[in-house]
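Now for the letters of each chain:
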Amino acid sequence: MSLIRRNEERKSTRKDAVQGGPGHLLSLVGVEQDSEMWGKGRMLNDNVLEKECGVGYHVHEGDAEIYVILSGEAEYNDNGTVTTLHAGDVTFTGPGEGHSITNHGDEPVRFMAIILYV
């Protein structure tokens, strides 16, 4: 079985203090449950971080996460190394590794987040 979820069918969510991070995260949900990814993952979301909003530092256990930066500029903590991400950048955080992302700029940061089981 494959999945097609039309844009107008996708749920919008707002989550406050994600992983203890500042502000809130706006998400347009692409995958609602892991069975939609054949049990291989649990998230495929189009996210927006407004100014001074972020996802707090967290470590992945049993899964991995990919970020694809679609627009904006964000501060990214990759296992303690802080860098700046720009549109077109891609990150991968494997099991046992940690990361966070925060928007300190005036423009929203839009990124895809994909969580896969490993």
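Here goes a summary of the coordinates provided. Quick caveat: nothing in here was measured; it's all calculated off a predicted structure.

A separate point is the pairing of strand E5 (residues 63-71). Of the pairings in the sheet, the one linking E5 to strand E10 (residues 109-117) comprises eight bridges and is antiparallel in character. Bridge pairing in E10 links Ser-71 to Arg-110. Pairing of E5 with strand E8 (residues 90-93), which is carried by four bridges, proceeds in the antiparallel orientation. Counterpart to Tyr-67 in the pairing with E8 is Thr-91.

Glancing now at the sheet that holds E8. In space, the six strands of this open sheet follow the order E1-E2-E3-E10-E5-E8, with antiparallel pairing throughout. In this open sheet, the two strands that pair with only one neighbour each are strand E1 (12-16) and E8. Shown here is a sheet whose adjacent strand axes are inclined to one another by a mean of 25°, direction ignored. Where strand E3 (residues 41-49) lies against E10, eight bridges are found, and the strand directions are antiparallel. By the bridge assignment, Asn-47 is partnered in E10 with Phe-111.

Our focus in this paragraph is the pattern of salt bridges. Evaluated as defined, the whole model comprises seven salt bridges. The salt bridge involving Lys-11 is made with Glu-32; its shortest N-O contact spans 3.9 Å. Of the two residues, Lys-11 sits in the segment before E1 while Glu-32 sits in the loop between strand E2 (24-29) and E3, which places them 21 residues apart along the sequence. The partner of Arg-110 in a salt bridge is Asp-46, with the nearest N and O atoms 2.6 Å apart. Here Arg-110 is found in strand E10, whereas its partner Asp-46 is found in strand E3, with 64 residues between them in sequence. Taking relative accessible area as the criterion, Asp-46 reaches 11% and is therefore assigned buried. If you follow the salt bridges from partner to partner, you end up with Arg-5, Lys-11, Glu-32 and Glu-36 in one network.

What counts as what
- Residues numbered from 1 in each chain as written.
- Predicted model: local features only at pLDDT ≥ 70, side-chain atom pairs only at ≥ 80, totals over all residues.
- Heavy atoms only, no water.
- Pairing = 2+ DSSP bridges.
- Helix = DSSP H or I, 4+ residues; strand = E, 2+ residues; numbered from the N terminus.
- Axes fitted to C-alpha atoms, helices over the stretch in contact; angles between N-to-C directions.
- Salt bridge = Lys/Arg side-chain N within 4 Å of Asp/Glu carboxyl O.
- Buried < 20%, exposed > 50% of the residue type's maximum accessible area, 1.4 Å probe, protein only.

No statement about biological role is implied by the geometric values presented.
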